[in-house]
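Residues per chain, in single letters:
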Amino acid sequence: MFDPLRVVMFGGCLACALPNCAAEPPALKLLFPAGGQVGKSVAIVATGKFPAWPVQVWSDSDEIQWSCDAEEGKLQSKISEKAHPGLHWVRLFDSNGASEVRPFLIGTAPELLEIEPNERIEQATKIDNLPTTLFGVLNKTADVDLACVKLQADDWLVATIDSAKWLQSPADVSLQLLDSRGFVLAENLDHVGLDPYLQYQATEAGDYFVRVFGFPATPNSTIAFSGGSDWIYRLRLEGQPQPLASALDFENQVELSKPTDEIAIGKHVTTEQAQALMLPARVGGAISQPQEANYLRFSARASTNYQVRVLARHFGSPLDPALAILDTSGKQLVQQDDTAQDRDPRLNWKAPVDGEFVITVSDFHRQGGADYRYLLWVAEQTPDFAINVPSDLISAKVGEETEVVVNITRELGFAEELAVMFSGLPDSVQCPVVNSIVGTESEKKLSLKLKAGQAFQGPLTILARSAGESPKSRSATAPGNRPLWLSAL
């Protein structure tokens, strides 16, 4: 039985005891700093509305332990040595409901907070060692933040911003590197989405200054620096140029960390030189010169579906990848540049005949260079399905029936019956399994009917399982891949 007066555990995270004294649930706007270092404890300020304090805290990792200070909005986060670096989620809740989830980024480098004022060179926050991660806020109109790094001749300085994409900040942050006289040596506006990245090799020893400022991520009529209390950023400063690792795509961090076969640079740039692939294939390469393309060949079976996917812009490569499939005579059969609003293409193709075919990867703008890197996946496709829900936060009232809409996508004619259900609910919450059947209204959409006998709050999963000879199971996704949560009050 859920008891809000007790200290409880959800997902391995410590939750604070609280009185049932307010009608409104907590509303969490942001956390600052919105992350921490592996193996360290971090004092965090939660901004929002908290009608009752302390609250309870849930995280998607049991390697992050949370507690509440006596002062409203003050939290403590203890990050285990075993915590996985990357993107995590945090949610606050009490007996009146739950807040939205907020991102929390875990890294391995030492972390600092900016020291205000830091708008002028002589006020810049001092960075003594690399790598270092600096959390800051562009907290007022026309705010500019500066950090100072001492470099020797030939040293590299690499700067990466996490803000709009991963921290949900409304800022379109810009980065500049200045010398001690204030001259701009390098700058970048967008690298991973709106978040910038730059690298620079020092020509002489001295102090160098990283300057951070921003514009609204949603354009408006102003053409000026701006700011606000929620314009948070995470500045990663490193000493080695690693654009792919430094601009890690947290959504794909598992895929990016897997071993990859490498395409020799400059060796497979014609149809005759095409590198042979054994499917499923996972390879990494680079368009090392302007006007260049990489060629790869594979065997296909007639009327069989294949998917070719390139990942480049997602993890910060300057490559704007273009894909094409050719026959052995060099005739182009199909091509793709972007997938909807995504600059990284995903090409679905059915082989017309048995035989060998050639994949080409190039830059849409015919540019190239050593950092124009990409990852390529090629695999046979089979009929499959996916499910999603419109919101990650499900609210219900004890004793009343609540409907949860589940959308179903069937790919390549997947026609098996699906059993759709909740997973992770206590016995006090009932929700009958609902079947999705092709040819009925439930083929693409259905409603799960949930009824709670007692109050409950916690994470949950919605599953769909097929009933064929080779059963498949898929979990529902929510917008932004946020974890699902049930508040039954």
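Everything below is about the structure printed above this text.
Cut-off values and rules
Every chain is numbered on its own, with residues counted from 1 as its sequence reads. Given that the model is predicted, a residue must reach a pLDDT of at least 70 before its local features are reported, and side-chain atom pairs must reach 80 or more before they are shown or counted; all residues, however, enter totals for whole chains, interfaces and linings. Just so you know, side-chain values use all the structure's heavy atoms and leave hydrogens and water out. Each pair of strands is called paired provided DSSP finds at least two bridges between the two strands. Put simply, DSSP marks the helices as runs of H or I at least four residues long and the strands as runs of E at least two long, and each gets a number from the N terminus on. Axes here mean lines fitted to C-alpha atoms, for a helix over just the part in contact, with angles spanning 0 to 180 degrees between N-to-C directions. Each polar contact in these results corresponds to two N or O atoms within 3.5 Å; when the atoms are within protein, one needs to be able to donate a hydrogen and the other to accept it, and residues that are neighboring in sequence are counted only if both atoms are side-chain atoms. Note on exposure labels: buried denotes an accessible area under 20% of the residue type's maximum, exposed denotes more than 50%, and partly exposed covers the range between, all computed with a 1.4 Å probe on protein chains only. Any two residues whose heavy atoms approach within 4.5 Å at even a single point are treated as in contact.

Honestly, the sheet that holds strand β17 (residues 171–178) in this entry has me stumped. Any pointers?
Within a beta sheet, neighbouring strands are joined by backbone hydrogen bonds and run either parallel or antiparallel to one another. Overall, mixed pairing links the five strands, which are arranged β13-β15-β20-β17-β18 in an open sheet. A strand with exactly one partner marks an edge of an open sheet, and here the two such strands are β13 (125–127) and β18 (184–188). Neighbour to neighbour, the strand axes of the sheet diverge by 25° on average, direction disregarded. Taken together, the eight bridges between β17 and strand β20 (residues 206–216) define a ladder with antiparallel strand orientation. Along β20, the bridge assignment pairs D172 with F215.

It is not clear to me how unusual backbone geometry should be interpreted in this structure. Could you clarify?
When glycine is set aside, most residues are seen to have a negative phi, and most peptide bonds are trans. Cis geometry is adopted by the peptide bond preceding P54, which originates at W53 and carries an omega value of 10°. Mapped onto the elements of the fold, P54 is located in the loop between β5 (41–49) and β6 (56–59). Backbone geometry places A142, a non-glycine residue, at a positive phi of 65°. If you trace the backbone, A142 turns up in the loop between β14 (132–137) and β15 (145–151).

Can you walk me through the environment of R366 in this structure?
Mapped onto the secondary structure, R366 falls in the loop between β30 (355–363) and β31 (373–380). Along the backbone, R366 and G206 are 160 residues apart, and their C-alpha atoms lie at a distance of 37 Å. Within the local environment of R366, its side chain forms a polar contact with the backbone oxygen of Q291, the two atoms lying 2.8 Å apart.

Would you take a moment to explain the side chain of R91 for this structure?
As for its placement among the helices and strands, R91 is situated in strand β9 (residues 86–94). With a relative accessible area of 0%, R91 lands in the buried category. Residue contacts for R91: discarding those within four places in its chain leaves Q56, V57, W58, A98, S99, E100, V101, D392, L393, P483 and W485.

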